[in-house]
Every structure is written in structure tokens, then in C-alpha cells.
Amino acid sequence: MQNWNTELALTYHEETKHSYDSVYRSRHFLDWANQPRPFKLYPGLEAIPLPAQLPVSHVPALLAMAHPVETTAAMPRPTLHDLAYVLFYAAGITKRRVYPGYGEMLFRAAACTGALYHIDLYLVVGDLPGLDAGLYHFDPQDFVLRQLRQGDYRRVVVDASGYDPALQEAPVILIGSDTFWRNAWKYRARAYRHSFWDDGTILANLLAAANARALPVHLTLGFADAPVNALLGLDTDREVALFLVGLGAGALLPTVSPPADPLQVDVAPLSAEELDYPAIRLIHAASSLDSPEDAAEWRGAAPETSMPATSGDLFTLCPDTKESLPQATLEDVIRRRGSARQFSQRPLSLTQLSNVLVRTTQPIPADFLAAPGGRINDLYCIVNAVSDVPSGSYVFHPQDKTLELLQAGDFRLQAGALALGQELAADASVAVFMLCDLPPVLERFGNRGYRAAQLEAGILGGRIYLAAYAQDFGATGLTFFDDDVTAFFSPHAADKSVMFLTALGYAARRG
Ligand SMILES: Cc1cc2nc3c(=O)[nH]c(=O)nc-3n(C[C@H](O)[C@H](O)[C@H](O)COP(=O)(O)O)c2cc1C
């Protein structure tokens, strides 16, 4: 098993860093005529419409993103309306825009690098009212499901997870898959990082949507890859399953599943030609788990992160209480969400920033974060404009809810430079960087820990989007010059690797 040869993850990470040379000397160009379609299409399969009338939760997004809604139902099982709700707010089409010379672009509930939408959702369900047991693919374009297999296949997935207790009685198991070419067309080998960033933004929404419907929800990253990929009928050189989510509770597993024979279904081609990026296949194989036993051993607590002793001024955060929390509902926030295209430099209040940081870092129900308060990434900030907080660089201490000043100063120019020269980071009120000390994570989890580190960062990034729009300002994910970010936050962040960057602020009205 290559999972424990952790040089492979470090090599992938190193080779896909952005540097001045890699970005400005690159000869890569976008072959628009060969752009892959952003949807997986199964032309021969009947469409099963999902209910268009979605439930309304009235749950504030800032609550839903962080905690399950309290419920009296002992064993909630999702209805078809719940499924439609969760799928729509995780990965549905929320906006349509027409661009002259290009045509109509369909934007989705969760942000995605390059709007290339390379993640698909599958559902493995036992019998539900209104939906027969089966394996289904979610098509966001038509808002329908398509059945790929009939029968209850949950046991195949639960077996592959090494009997993850969080999946065992879930009536629905969602599986996220990634088709590499749909993102690598633009981002080449770095697209494997995006596999998890863009899974993460979907998962932030999905976990929040489940919370809003009071459905138990849990993320599983440790599973034997081959049986799950085979169940979905994936050509694993091109497309792979990346995460499992158990949704609901109280549905006993059948003692056996029907045989998962090879799937014979047509899939529409994505583009005239597909290019292969071997580095992606290599790191994916190197972070795969061979058996259910490996998966069972893999899950558990992340290693404890340690920070240098506090030496800078501390600023205590002051998040809203439950009573004073902004009330924008999850549905409203996700429908309004869109990446900010220009920031106005108007300051945020300390309470607004506090809500973002504190809500975002609430526990994520995941198999690799089993210990309470477990986390892999540390949050570093460049504060450009926050009332009552001096401009400067900071590290966030989630336990104490404090920001520690690393260096005071106006770092707008540096923020823009770190974000590949994009003004969005310079004009933002705050830029939040997620950094990870990779060696202990890889020692604990092997190369699969690299997936976990990127995915946790993606979920945090997705939550930051929700927390911003819930408070009527904006956010955008951004890419970055890896080593320059580490150097900027050093010595505090020395040797850490950058996983994600999100910029926050009020949108500038253009024109
Ligand atoms: C991880 C991540 C990185 C991103 N990086 C950039 C970036 O470097 N520059 C940029 O302008 N937008 C960036 N975006 C925003 C995407 O372009 C945007 O999400 C996509 O076009 C979909 O639009 P929407 O978020 O408004 O729905 C990023 C988004 C994500 C999730």
C-alpha cells in the first residue's frame, strides 16, 4: 500500500505550487474549443424529477452552518423533499447568466474553481417513501435523479468504509466523485487540490442543509476506494469517488446487497479530446486505501496541532450570541451567494469577523476529526480593514477565540501579491489563509491525510462564504503563491503548507 510512502504527497504538493515562474512563464493556454462540459450526462437513463417545491427551514445560516438543529425526532429519515433540499442547496443551479459570445452560464450553490463544476453527487439509498432503493446520479441541470442500479447497495459502501458506525444506519449515503479532466482542462495537475477545495465548498453547504432539516449527517473520508468506484461504474483513470456522507438515521442495513456487477451505461463525452495528467492519477493512487480493514484503522482523531507560544497582542473576538445572531436563512444565503468580483475596502466590524471565524471553526462531523475540537488547518489572517483591530497579520486561536497579532502594518499590497497579484485580496477587508503542518498529518493518516488537509480547508472556506453572505457582505476563494504565503506568516508559520485562501469584504458597486 502506497499510503504510507508519504514522500508522494509531499512531492505532489511541491510540484503543484504556484510560483512566479510557474505562473508567468507557463505556456499553458485554454483550448476553448475543447472545453469539457460541466455536467455528467447519462443519455440513456430515465429522469426521475425531484420535487421542485423545496421545504423552507427558516433556520439562520449562521446556526445551520455550525450545528444541527435540535430535534425531537428519534430516528429522522429523509423524505424525497429533504433529499431535494439537500441536493439543491449543496450543488443545485442557483443562477443563470448570459455572456455575449459565450452563451448561458449556470452557476451553482457552492463556489467552484473556474466555475468548472467537476464534482458529481451520487446517492445510495434504501427504500424511502417516493424513492425505490437504488444507486442514483444527481443531475443538477434538470434537477432530476437517474437510477443506475436497483436495490439496496448501502452494505457495499458500509463494508468499504470498514463499518464506519456513522454510516451503518444511514438511510441515504451520498458519494461525491470528481472527473479530473473537467477541472484539469484549466488548472492541469493542480486540479487535484481543487478536487478537495470544490468538494469542500459543496460539503459546507451540504452539512448546513442537513442541519437545517434536522437530519443527522456525517462525513467519511476513509474507505477502500476500489469497491466504491466499482459500484459507481467509474473509469478510475478519469473519475473517482472522494467522499461519503451518511444522511439520516435509523435504517438497518440489509444483510446482503445485490451483486454489484459491472455497470453498462452510456456516458456522454465531455469534450472532443481529454488530456491526461499523470501526477493526478499518481497522488490519487498513492492516497487510496486497499481494504475495509485499512479504512477501519485509518479513521480517528487528527494529531494535535501545536502553535508557538503566544507572544503578540491578543484581540478577543466578540461573536453574536444566539439571540443577536443575524437571521438570514440558509436558503436565502445560499441563493444570494456568489463570489465577490470587487471589494470596496469598507471595514467590517469586529463582531462580523468574529462570527466568521468562530462559526466557521465549529466542529466538522468527520471520521478524521473524531476528537472534539480536532482540526488540521490553522487560520492566519491579513486584516486590512476591521473596526477596532489594527491592520496587520494575525493567527487565530480557536480555543480562546482570540486573534494574535503577528505584525502590525498595512499589508494590502502584500495581500494582493500573495493572491497571484489579484486586487480582490488587496481590496478585501480580511484575507483568511488556511495553513497546515503537513508532516504530522501525513504521519498519522498517510497520503490520505493530504486529502483530509485539503478537504478540511475547503469546508472551512465554504463555511466562510456562508458566514459572509449571512451578514450581507461578500467573499471569494482565491489562489495563491504557496511559498510566499508561508514566508509572509513566518516565523510563526514556518514550514507550514498553504491549503486555501478566502477574501472577505463588502462588494464594490461597479460602473
Ligand atoms: C477554492 C476557490 C478558489 C478560487 N480562486 C479564485 C481566484 O483565484 N480568482 C477569482 O477571481 N475567483 C476565484 N474563485 C471564485 C470562482 O471563480 C467562482 O466560485 C466561480 O466562478 C463560480 O462563481 P460563484 O462563486 O459566483 O458562484 C475561487 C473559488 C474557489 C472555491
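Residues numbered from 1 in each chain as written. Predicted model: local features only at pLDDT ≥ 70, side-chain atom pairs only at ≥ 80, totals over all residues. Heavy atoms only, no water.

1. Comments concerning the sheet that holds strand β1 (residues 47-49)
Pairing between the strands of a sheet comes from backbone hydrogen bonds, and it takes one of two forms, parallel or antiparallel.
Working step 1: The strand order across the open sheet built from seven strands is β1-β6-β5-β4-β7-β9-β8, with neighbouring strands paired in antiparallel fashion. Looking at which strands have only one partner, the edges of the open sheet turn out to be β1 and β8 (217-220). On average, each strand axis in the sheet is tilted by 30° relative to the strand beside it, whichever way the strands run.
Working step 2: As judged from the eight bridges shared by strand β7 (residues 172-179) and strand β9 (residues 239-247), these two strands associate in the antiparallel manner. Bridge pairing links Gly176 to Phe243 in β9.
Working step 3: Lying on the sheet, helix α4 (residues 80-91) is in contact with β4 (119-125), β5 (134-139), β6 (144-150), β7 and β9; it crosses β4 at an angle near 165°. (Pairing = 2+ DSSP bridges. Helix = DSSP H or I, 4+ residues; strand = E, 2+ residues; numbered from the N terminus. Axes fitted to C-alpha atoms, helices over the stretch in contact; angles between N-to-C directions. Contact = heavy atoms within 4.5 Å.)

2. Side note on the environment of Leu232
Working step 1: Checked against the element boundaries, Leu232 lands in helix α9 (residues 225-232).
Working step 2: Among the residues examined, Leu232 registers a relative accessible area of 1% and is labelled buried.
Working step 3: For the pair Leu232 and Leu148, spaced 84 residues apart in sequence, the C-alpha to C-alpha distance is 8.1 Å.
Working step 4: The contact partners of Leu232, leaving out residues within four places of it in the chain, are Tyr122, Leu135, Ile175, Ala241 and Leu263. (Buried < 20%, exposed > 50% of the residue type's maximum accessible area, 1.4 Å probe, protein only.)

3. Comments concerning the site of the ligand
Working step 1: The local shell around the ligand holds 22 residues, among which Arg337, Ser339, Arg341, Gln422 and Thr479 are the closest.
Working step 2: A distance of 3.0 Å is found between an oxygen atom of the ligand and a backbone nitrogen or oxygen belonging to Thr479.
Working step 3: When the ligand is considered free in solution it has 620 Å² of accessible area, and contact with the protein chains removes 87% of it.
Working step 4: Of all elements in the fold, only α8 (191-212) and β15 (474-478) reach the threshold of two or more residues within the shell around the ligand.
Working step 5: Ranked by residues supplied to the shell around the ligand, first place goes to β15 with three residues.
Working step 6: For the shell around the ligand, the per-class residue count stands at 10 nonpolar, eight polar and four charged. (Near = heavy atom within 4 Å. Polar contact = N/O pair within 3.5 Å; in protein donor to acceptor, adjacent residues only side chain to side chain. Areas by Shrake-Rupley, 256 points an atom, 1.4 Å probe, with all protein chains shown as cover. Nonpolar A, V, L, I, M, F, W, Y, C, P; charged D, E, K, R; others polar.)

4. Focus: the packing of helix α7 (residues 180-187) against α8
Angle between the axes and distance between the axes are the two parameters that describe a pair of packed helices.
Working step 1: Where α7 contacts α8, the two axes come as close as 9 Å, and the packing angle between them is 125°. With respect to α8, the element α7 is oriented oblique. Taken as a pair, α7 and α8 cross one another with a handedness that is right-handed. Contacts between α7 and α8 involve Phe180, Asn183, Ala184 and Tyr187 from the former and Ala191, Tyr192, His194, Ser195 and Asp198 from the latter. (Parallel < 35°, antiparallel > 145°, perpendicular 65-115°, else oblique. Left-handed = near helix turned anticlockwise from the far one by under 90°.)

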